[in-house]
Amino acid sequence: MRLNEEERAMLAGALGEPRRWAIAHQIAVGEFFDAEDFVPVGQAHIMADTESLGESGLCFLETLAAAPPGERRVRVPTMTDPRGLDFAVYRRLGQTPAMAAREARAIAALSALGVLMTDTCITYQTVMAPLRGEHVAYGDTGVVIYANSVLGARGNFEGGPSALAAALTGRTPRYGFHLDRHRRGTRRFRLETMPRDLAEWGALGGIIGEACGSYWEVPVIEGLSTAPGADALKHFGAALASFGSVALFHMPGITAGTAQEAAAAPAAARPVGRGDIDAFFARYAAPGEKLDVVVFAAPQLSLFEIERVADGLAGRHIHPGVRVIVATSPEVKHAADRMGLTRRLEAAGAIVAAGICFYQSYAREMAERNGWLRLLTNSAKLVNILGGYGYRPSLASLERCLDAAVAGRIV
Amino acid sequence: MPIRLFCHPGIGPAVTGTALVAADNFSARYDLDRDKGIFCRPTHKLAGQSYVDRILVLDQAKGGVASAWMLAEMSARGRAPKALVFNRVNPILAQGAAFAGISLVDRFDGDVTRLIRTGDVLRIDPAQGQVDILNRDG
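Analysis parameters
- Residues numbered from 1 in each chain as written.
- Chains lettered and ligands numbered in written order.
- Predicted model: local features only at pLDDT ≥ 70, side-chain atom pairs only at ≥ 80, totals over all residues.
- Contact = placed C-beta atoms within 7 Å.
- Helix = DSSP H or I, 4+ residues; strand = E, 2+ residues; numbered from the N terminus.
- Nonpolar A, V, L, I, M, F, W, Y, C, P; charged D, E, K, R; others polar.
- Buried ≥ 20, exposed ≤ 12 C-beta atoms within 10 Å, placed from the backbone.
- Pairing = 2+ DSSP bridges.
- Right-handed = clockwise from strand over helix to strand, strands pointing away.
- Arc of directions from axis to C-beta.
- Domains from an automatic or database assignment.
- Axes fitted to C-alpha atoms, helices over the stretch in contact; angles between N-to-C directions.
- Core = buried A, V, L, I, M, F, W, Y, C linked by C-beta atoms within 7 Å.
- Parallel < 35°, antiparallel > 145°, perpendicular 65-115°, else oblique.
- Left-handed = near helix turned anticlockwise from the far one by under 90°.

Trainee: Describe the interface of chain A and chain B, naming the residues involved and giving the relevant values.
Mentor: Bring the parts together and some accessible area is lost; that lost area is often taken as the interface size. Across the boundary between the two partners, chain A contributes 30 residues, which contact 32 residues of chain B. Within the residue set of the side of chain A that touches chain B, elements represented by two or more residues are helix 2 (17–32), helix 3 (50–65) and helix 8 (160–169) of chain A. The element best represented in the side of chain A that touches chain B is helix 3 of chain A, accounting for five residues. Looking at the side of chain A that touches chain B, its residues break down into 11 nonpolar, 18 polar and one charged.

See below:
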């Protein structure tokens with residue numbers, strides 16, 4: 001990679017050990033992907049929940065945080081992805097004081113680096129949406145795909161170490177979706193039916209994600225009869241990234257990509273119809289089964305989604321054998337508190353957690369401690385992840401999730 | 001002469017080990033029980049098998065960003081694969097391998113999950129972009 005004078009100084013350690021580590025890590029990754037140089041980034045976003053970090057990751061962060069302030073502070077506005085637990089509710093979820101202690105260590109270390117503890121995977125709905133063409137270093141696949149596709153920003157999936165490195169150097173290797181040549185459509189899909197709710201938008205993301213099956217595929221989706229809305233594309237993109245590792249899609253006339261980028265995909269389009277969506281739901285169907293936990297998360301809920309859950313539970317009480325968890329960002333939680341939505345949800349028996357997203361929150365340990373097995377959600381991303389955590393996940397619309405939560409069984 | 005496969009230059013040191021192969025994808029969060037050191041996702045083609053100290057030969061990296069931290073933690077606890085050999089990885093697996101110091105190569109001429117068999121003894125040289133199958137003659 002070509003390095004400028006400042007980058008060479010970082011690599012030589014002249015700007016301190018944290019920045020030396022950071023740029024050396026970035027060069028190793030950049031050369032693997034044939035990056036020719038670095039590109040400055042406007043924002044960074046770090047996934048650093050303690051389940052993923054482990055003790056070794058925690059010690060790594062604490063070592064960086066022990067460097068002199070001038071050497072350890074991040075150079076661009078830097079946010080965090082959801083954390084492993086919410087200190088206000090963790091005991092009710094079966095999480096332990098030892099987990100809370102690890103989270104406190106991580107928060108202290110990240111804060112010492114100058115990271116803003118936003119604890120959210122919906123930064124674009126709650127903190128600061130990037131501009132079209134802005135280069136970013138985001139560390140959540142759902143954030144990356146939304147920023148790349150809907151907003152026209154430029155970024156790759158940046159795991160925790162790489163997002164932190166970008167924050168410390170203020171730049172990232174110029175490869176992948178920073179480059180025009182990777183942003184052209186490669187596959188074409190034509191909708192023969194419009195998804196009817198957020199769960200179906202997630203299912204559509206799962207269907208197209210499985211068909212693509214690679215980070216380097218860029219699907220172009222045609223046939224939308226109306227603009228679906230931000231929450232719909234949030235669920236669609238999160239599932240597309242989860243099932244397919246896809247980081248960019250184009251919906252001509254709706255998303256930010258150019259006509260030339262969409263036109264680059266082969267003309268032959270794979271149709272996606274009602275039968276495909278029904279078949280996707282059928283993979284997770286478990287009618288009549290006893291229900292243990294209902295989760296609204298992955299991605300965290302917007303204020304509008306929280307209002308819909310609260311409205312759906314109005315005048316109802318959740319079955320005593322079922323836990324209902326609503327996960328959102330701290331900023332949306334504050335708004336929900338102020339507007340009385342949290343009170344309404346808790347009155348019905350739900351737990352509203354701020355700054356977590358369930359699957360990053362010791363999901364296996366929660367299942368074991370609480371005896372949870374059958375989980376219901378309206379998030380296609382979540383059903384994809386949790387099979388490996390010992391759950392039997394099912395997918396349904398938000399309304400059917402609530403009906404099941406009240407009944408104690410999948411309806 | 002061993003069979004020699006050529007790939008894109010990779011990450012990490014040269015290593016020798018035994019292959020565990022599947023035409024399936026990979027995420028440390030989605031697919032592994034990292035305490036037991038096995039594939040635990042019921043639908044994964046390697047479900048129930050130990051990946052510890054094996055050279056994993058798989059198709060694509062998938063899913064979320066957690067693997068970037070998790071590979072280093074797995075390595076620190078002695079529960080990591082010896083190396084990663086893929087048809088094509090996403091940035092997360094490359095970042096995770098670089099952070100953990102685990103050898104990684106991808107981008108072969110041909111489907112590496114068909115070229116290599118479970119039980120093959122491999123020598124991987126990421127700097128040269130080469131994988132030798134030591135137990136078979138070319």
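Back to the write-up after that little detour.
Trainee: Mind laying out the pairing of strand 6 (residues 187–191) of chain A, listing which residues take part and the relevant values?
Mentor: All names here are of chain A. Only one face of strand 6 is buried: it carries R187, F189 and L191, and the other face, with R188 and R190, is open. Bridging between strand 6 and strand 7 (residues 219–222) involves four bridges; their strand directions are parallel. Bridged to R190 within strand 7 is E222. Handedness of the strand 6-helix 9 (residues 198–212)-strand 7 crossover: right-handed. Sheet topology places strand 6 next to strand 8 (residues 270–272); three bridges connect them, and they run parallel. Along strand 8, the bridge assignment pairs L191 with V272.

Trainee: Let's hear about helix 13 (residues 303–312) of chain A: which residues, and what values?
Mentor: Each α-helix turn comprises 3.6 residues. Residues three or four places apart therefore point the same way. Residue and element names in this part refer to chain A. Within helix 13, the full set of buried residues consists of E305, I306, V309 and A310. Viewed along the axis of helix 13, the buried residues span an arc of 140°, placing them on a single side of the element. Helix 13 presents F304 and D311 as exposed residues on the side facing more than 90 degrees away from its buried surface. Elements that come into contact with the buried residues of helix 13 comprise helix 10 (230–244), strand 9 (293–301), strand 10 (323–328), helix 14 (330–338), helix 15 (341–347) and helix 18 (398–407).

Trainee: Give a description of the domain arrangement of chain A that names residues and reports values.
Mentor: Residue and element names in this part refer to chain A. In terms of domains, chain A is made up of domain 1 (5–180), domain 2 (184–281) and domain 3 (284–407). Listed per partner, the contact involves 21 residues of domain 1 and 19 residues of domain 3. When residues of the side of domain 1 that touches domain 3 are traced back to their parent elements, those giving at least two are helix 3 and helix 6 (123–126). Its residues placed into classes, the side of domain 1 that touches domain 3 shows seven nonpolar, eight polar and six charged.

Trainee: Go over the environment of Q95 of chain A, please, and point to the residues and values.
Mentor: Residue and element names in this part refer to chain A. Mapped onto the secondary structure, Q95 falls in the loop between strand 3 (78–80) and helix 5 (97–112). For Q95 and N370, which are 275 residues apart along the polypeptide, the C-alpha to C-alpha distance reads 9.6 Å. If we skip the residues at most four places from it in the chain, Q95 touches L85, Y90, Y362 and M366.

Trainee: Go over the sheet that holds strand 8 of chain A, please, and point to the residues and values.
Mentor: All names here are of chain A. Here we have three strands laid out as an open sheet, ordered 7-6-8, and parallel in their pairing. Only two strands of the sheet have a single partner each, and these edge strands are strand 7 and strand 8. Averaged over all pairs of adjacent strands, the angle between their axes in this sheet comes to 30°, without regard to strand direction.

Trainee: Run through the sheet that holds strand 9 (residues 130–137) of chain B, naming residues and quoting values.
Mentor: All names here are of chain B. Strand order in this closed barrel of seven strands is 1-7-6-5-2-8-9, and the pairing throughout is mixed. Within the sheet, the average angular offset between the axes of one strand and its neighbour, ignoring direction, is 40°. Both strand 8 (residues 121–125) and strand 9 contribute to a ladder of four bridges, which runs antiparallel. Directly across from R123, in strand 9, lies its bridge partner D132.

Trainee: Residue-level account of the nonpolar core, with values.
Mentor: Burial of nonpolar side chains together is a common tendency in soluble globular proteins. V326 and F358 of chain A together with V85 of chain B are the most contacted members of the largest nonpolar core, which has 179 residues in total. A total of eight residues in this core trace back to one element, the largest contributor, which is helix 9 of chain A. With residues near it in sequence (within four places) discarded, V326 of chain A still touches F296, L301, I306, V309, L345, A350, I351, V352 and A353 of chain A.

Trainee: Residue-level account of the packing of helix 3 of chain A against helix 5 of chain A, with values.
Mentor: All names here are of chain A. Where helix 3 meets helix 5, the closest approach of the two axes is 9 Å, and the angle between their N-to-C directions is 40°. One finds that helix 3 runs oblique with respect to helix 5. Judged by the twist between their axes, the crossing of helix 3 over helix 5 is left-handed. Of the residues in helix 5, those in contact with T50, L53, L58, L61, E62 and A65 of helix 3 are M99, R102, E103, R105, A106, A109, L110 and A112. Taken together, the residues of the contact of helix 3 with helix 5 sort by class into nine nonpolar, one polar and four charged.

Trainee: So what's going on with unusual backbone geometry? Which residues, and what values?
Mentor: Residues and elements named next belong to chain A. Here the amide bond leading from A298 into P299 is cis, since omega sits at 5°, within 30 degrees of zero. Mapped onto the elements of the fold, P299 is located in strand 9. Even without a glycine there, the phi angle at D119 is positive, about 55°. For D119, the location among the structural elements is in the loop between helix 5 and helix 6. Backbone geometry places A298, a non-glycine residue, at a positive phi of 50°. By the secondary structure assignment, A298 is in strand 9. When the 30 C-beta atoms within 10 Å are taken as the criterion, A298 is described as buried.

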